[in-house]
Each structure stands twice: as structure tokens, then as C-alpha cells.
Amino acid sequence: MLLSRKPKHEDRDGGVEQGNVVAPPAAGLPAPSRQSLRGLDWFIFFLADVQTGFGPFIAVYLTTQKWTQVEIGLVLSIGGIVALIGQMPGGAIIDAAKSERLVAALAIATIGCCALAYAAMPIFAVVVTAAILHAMASCVLGPAIAAISLGLVGPFAIGERLGRNARFASLGSGIAAAVMGTVGYLLSSRAVFLVTFLLVIPTLIALSRIREHEVDIARCHGEMPRDSADRGDTNVWHLIRQRPLIVFAFSVLLLQLANASMMPLIASAVTARSAQWATVLVAFCIVVPQAIVALLSPTVGRKAQLWGRRPLLLIGFGALAIRGLLFATVRDPYLLVLVQVFDGITAAVFAVMVPLIVADVAFGSGHFNLAQGIVGTATGIGASLSTVLGGYVSDKFGNATAFIGLSGVAAAGLLLVLLVMPETRRTGLVATKEMAG
């Protein structure tokens, strides 16, 4: 068996700790220590805290600084465009890096400086520059986290590790949103960015706890084991032409096309139906999915190896389609919060499945992070189109029609996975042979 049940500590034979599952290490490679694994946990937690400071708080802060909505929208749009364009270059940078930890540290330091710039000098030129730098840094951080995770535990224990990553990211985002909202209320919206800057310190400390020599550089890039006779095809065009990657990228585009505009539309609907409690209800609509992700994502990582990837993708798309139909039919604003449980299921599935399937497809190519950038670009395109199309249909035909249309897009994604997407899970037999060299 590839995986065996063990107590929650490092196996005496050098197994990789993943919750309560221990996977054998690759031949000739040291098992990651408890220090490195815990360092990765807290790095992801604090990084989520830092990134939360750049969410809706930017619009709130700039509004208090007498910025117009046009100026705020322009800054956010510039940042979004840079983030979209930078996905593939960001992945390529990580593939070319000799130390993912160093690149991640530089990106985090850049984000901290951006937060400080927002707080110190909220003039247009400074804010635009900070928005661009923040977007560029974020483009390398996502691939860096996945690469460090893959480099630590290897391709056959990565599923549960990604589930654990999603749990800590969700916990970090939820706690940070509450803390920063409180800080903004009690002090000022400027204080949110000062807190964000200070949070860079524990983030860098947690990153330093990950031991450099335990992050195997070949595994970070999705290369074949060093002692493997088959080194794999490392040509970029060979990777890009792979059918599973193309189909999965298109399915992720459909996911975002169906999902991205649901929350803004439901926030507007809740405000119209219950203006007095709108802020509280919308907050719960955000918190409920985060709690579900924190609860379910490690299980998703485990089941991905037992069941395969396709069944979980079908569950994720199915939950999204059901959510859209319920939003179209449910009128009670309080029940809409319960509907967000389905959002949590979808988010838990895809938080794990996106990097996991990319790791499957890019295995042996040496371009794991570039492949992440390709899927990240599809994510950005889908999300951008969703907000425009969803808003247009809602204005012309009403919210119910918009939600039914979004549910139909999710159903199309489900059919694409069911009929076209191949299973990408690597079997235990193959894993054992490759580990043995």
C-alpha cells in the first residue's frame, strides 16, 4: 500500500507526516521534519492574513481619503489586469527559481511595503504602483506555496497536504477579516494596512522555519525522480498540448464563470430584501463557506487519492449548480445564508483539486508552476467575464434569471468533467515503482 495509518508523528522509517497518514519518502530524499511541516502550516495561515488586508478594505480606505469611485475602480482594474497577465510568467519564474523560499520571502516583503505605501501616502501614483507590485508579488506566491508543498512531501502525498493548506488559508482569511474589520471600526481604515504590514513579520518567521534542504528542487518543478530512467518530456509545448490540462483549464474557466458573480448578486439581493441586516447577513454568507472549507478540505485531499479526482470535481460542480438554483428560488434572506454551505463544498473541492490535478498533469515535465499559471489565467478570465455577464443578465432580466443561467454554466462544467475529463490520479502501484527508482 502507498499510504498506511500511523500516529501523528514522523514515521521511524522516514515517512512523510500528513495529518494521521504517513507516506513513504521518495528514494534518496529525506523526509520533511515536523518543524518544516508546521512552518508551512503557519506560513499559509499568516500569508492569508496579509492578503486579506488587500480585499474590500482598499475600497473602504480610499473612499475615506476622498477618492472617487472612478479612481478606485481604475486602481482595482489595473491590479486585476496585472494579476491576470502575470499568472503564467509568475509560474515560469518559480519553475526557474533555485530557491522557492527566497522568491516567496521577496514577494512577501514587497507586499508588506505595498501595505505601508497605502497607509503612508494614498496619492494616485503611489497607490497605482503599490497595486501593480502587489499583483505581481501575488502571481508568484500562489505557485510558490504549491511548489514548496510538492517539494516537501512529493507527488504521492500532495493531496492531503493541499487539503491542509486550504484549511489553514481558510482559517487565516476568516480570522483576519474579523480582526481587520474590528481594527478598522475601532481605529481607522488606515490602521488595517499598518496591521497588514506588521503581519509580514510572523509570515517571514514561519517561512524561515521551513528547512531549505528538505524542499527538493526537482519535485518543486514537477520533474521526474533523479534516478528515474524516463526523465519525461520537458518541452513546454508538449505540456501545453496535453488534453487533460486543456480540458481542466476550460472546466476551471466554466467554474469561475458560474461562481464569481454569485456573491455580488446575492449581496445586492439581500440588501434589497433586508437592508437593516444586510451587512450582517453578507458577512455570514462569507464566513459560512470559509468554515466549510476549513472543515472539509483535508478530507477532500484524502478522498482524492482513494476515489480519484473526477468524482470530487463532479461533486464540486454539482454543489455549484444546486447553489445557483436555490439562489434563484429562495426568497428568505436568512435561508440564503444556509445556501452558502454549497459554496463551501465547491470551494473545498477546488482549493485542493486545482493544484493537485495540475501536479498530476505536469508530473515529469519540470513545468509544474507554469501549468499552474495556465490554469490561473483561465481562472482570471472566467471570473472577469462572470461579473460582467452576470451583472448584465441581472439588470436586463432579473436576479432569478441570472442565477439560473449561472447554474446552467455550472451544469455545463459538470458535463465536461463527466464526458471529457480523464482521471489523472496516479495509482499506488505506479507511485511505488517510481519511489523505488
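Note that the structure is a prediction, hence the values are computed from the model and not measured.

## A closer look at helix α3 (residues 69–85)
At 3.6 residues per turn, the α-helix brings residues three or four places apart onto the same side.
Piece 1. When the terminal C-alpha atoms of α3 are compared, their 24 Å separation across 17 residues agrees well with the 24 Å that a helix rising 1.5 Å per residue should span.
Piece 2. Among all positions in α3, only Ile72, Val75 and Gly79 are buried. All buried residues of α3 project into a common sector of 65° when viewed along the axis, lining one side. For α3, the exposed residues set more than 90 degrees away from the buried face come down to Gln69, Val70 and Ile85.
Piece 3. Of the surrounding elements, those touching the buried residues of α3 are α2 (57–64) and α6 (124–153).

## Details of a nonpolar patch on the surface
Piece 1. A grouping of Leu116, Leu194, Phe197, Leu198, Ile201 and Ile205 is seen on the molecular surface, where their side chains present a nonpolar patch of about 510 Å² in accessible area.
Piece 2. Per element, the largest residue contribution to the nonpolar patch is 5 residues, and it comes from helix α8 (residues 189–208).

## A closer look at the packing of aromatic side chains
Pairs of aromatic rings are described using the distance from one ring centre to the other and the angle between the two planes.
Piece 1. Inspection of every chain in the model, using the stated rule, returns 11 aromatic pairs.
Piece 2. Ring centres 5.3 Å apart and planes at 85° place the aromatic pair Phe45 and Phe46 in the edge-to-face group.
Piece 3. Assessed through its relative accessible area of 11%, Phe45 is described here as buried.
Piece 4. Three or more aromatic residues link up through ring pairs in this structure, and these residues are Trp42, Phe45, Phe46 and Phe168.

## Side note on the nonpolar core
Piece 1. Judged by nonpolar contacts, the single largest core of 117 residues is most densely connected at Phe43, Tyr118, Leu152, Phe248, Leu313, Met353 and Phe403.
Piece 2. Ranked by the residues each element gives to this core, the list is headed by α6, at 15 residues.
Piece 3. Not counting residues within four places of it along the chain, the set of residues in contact with Met353 comprises Phe248, Val300, Ala304, Arg309, Leu312, Leu313 and Val358.

## Comments concerning the packing of helix α14 (residues 309–329) against helix α17 (residues 399–419)
Piece 1. Their axes nearest at 8 Å, the elements α14 and α17 cross at an angle of 165°. One element, α14, and the other, α17, form an angle in the roughly antiparallel class. Considering how the two elements wind past one another, α14 and α17 form a crossing that is left-handed. Residues Arg310, Leu313, Leu314, Phe317, Gly318, Leu320, Ala321, Gly324, Leu325, Phe327 and Ala328 of α14 pack against Ala400, Phe403, Ile404, Ser407, Ala410, Ala411, Gly413, Leu414, Val417 and Leu418 of α17.
Piece 2. Split by residue class, the contact of α14 with α17 holds 16 nonpolar, 4 polar and 1 charged.

## Quick word on the pattern of salt bridges
When their charged atoms lie close together, side chains carrying opposite charge are able to pair.
Piece 1. Tallying each qualifying case throughout the model produces 8 salt bridges.
Piece 2. Salt-bridge contacts for Glu212 lead to Arg101; the nearest nitrogen and oxygen are separated by 2.6 Å. Placement of the pair is Glu212 in the loop between α8 and α9 (217–220) and Arg101 in helix α5 (residues 100–120), with a sequence separation of 111 residues.
Piece 3. Overall, Glu212 belongs to the partly exposed group, its relative accessible area being 35%.
Piece 4. Owing to a relative accessible area of 17%, Arg101 belongs among the buried residues under this scheme.
Piece 5. Note that Glu214 and Arg211 form a salt bridge whose closest N and O atoms lie 3.4 Å from each other.
Piece 6. Assessed through its relative accessible area of 4%, Glu214 is described here as buried.
Piece 7. What emerges from the salt-bridge pattern is a single network uniting Arg38, Asp41, Arg161 and Arg164.

## Some words on the packing of helix α1 (residues 34–52) against helix α7 (residues 158–186)
Piece 1. Where α1 meets α7, the closest approach of the two axes is 7 Å, and the angle between their N-to-C directions is 40°. Considered as vectors, α1 and α7 are oriented oblique to each other. Considering how the two elements wind past one another, α1 and α7 form a crossing that is right-handed. The segment α1 lies against α7, with Leu37, Arg38, Leu40, Asp41, Ile44, Phe45, Ala48, Asp49 and Thr52 engaging Arg161, Arg164, Asn165, Phe168, Ala169, Leu171, Gly172, Ser173, Ile175, Ala176, Ala177 and Met180.
Piece 2. When its residues are assigned to classes, the contact of α1 with α7 shows 12 nonpolar, 4 polar and 5 charged.

## Some thoughts on the confidence of the model for the protein
Piece 1. Here the protein averages 84 in pLDDT, and 86% of its residues register 70 or above.
Piece 2. Overall, residues 1–27 carries pLDDT values under 50, and its contacts beyond four positions in sequence, including any with other chains, amount to 67 contacts.
Piece 3. Note that pLDDT drops below 50 for residues 429–437; the model gives that stretch 14 contacts with residues more than four away or on any other chain.

Basis of the calculations
Residues numbered from 1 in each chain as written. Predicted model: local features only at pLDDT ≥ 70, side-chain atom pairs only at ≥ 80, totals over all residues. Heavy atoms only, no water. Helix = DSSP H or I, 4+ residues; strand = E, 2+ residues; numbered from the N terminus. Expected span 1.5 Å × (residues − 1). Buried < 20%, exposed > 50% of the residue type's maximum accessible area, 1.4 Å probe, protein only. Arc of directions from axis to C-beta. Contact = heavy atoms within 4.5 Å. Patch = residues over 30% accessible without salt bridge, like charges linked within 9 Å, V, L, I, M, F, W, Y side chains within 5 Å. Areas by Shrake-Rupley, 256 points an atom, 1.4 Å probe, with all protein chains shown as cover. Salt bridge = Lys/Arg side-chain N within 4 Å of Asp/Glu carboxyl O. Phe/Tyr/Trp six-rings, centres within 6.5 Å; stacked < 30°, edge-to-face > 60°. Core = buried A, V, L, I, M, F, W, Y, C linked by side-chain atoms within 4.5 Å. Axes fitted to C-alpha atoms, helices over the stretch in contact; angles between N-to-C directions. Parallel < 35°, antiparallel > 145°, perpendicular 65-115°, else oblique. Left-handed = near helix turned anticlockwise from the far one by under 90°. Nonpolar A, V, L, I, M, F, W, Y, C, P; charged D, E, K, R; others polar. pLDDT = per-residue confidence, 0-100.

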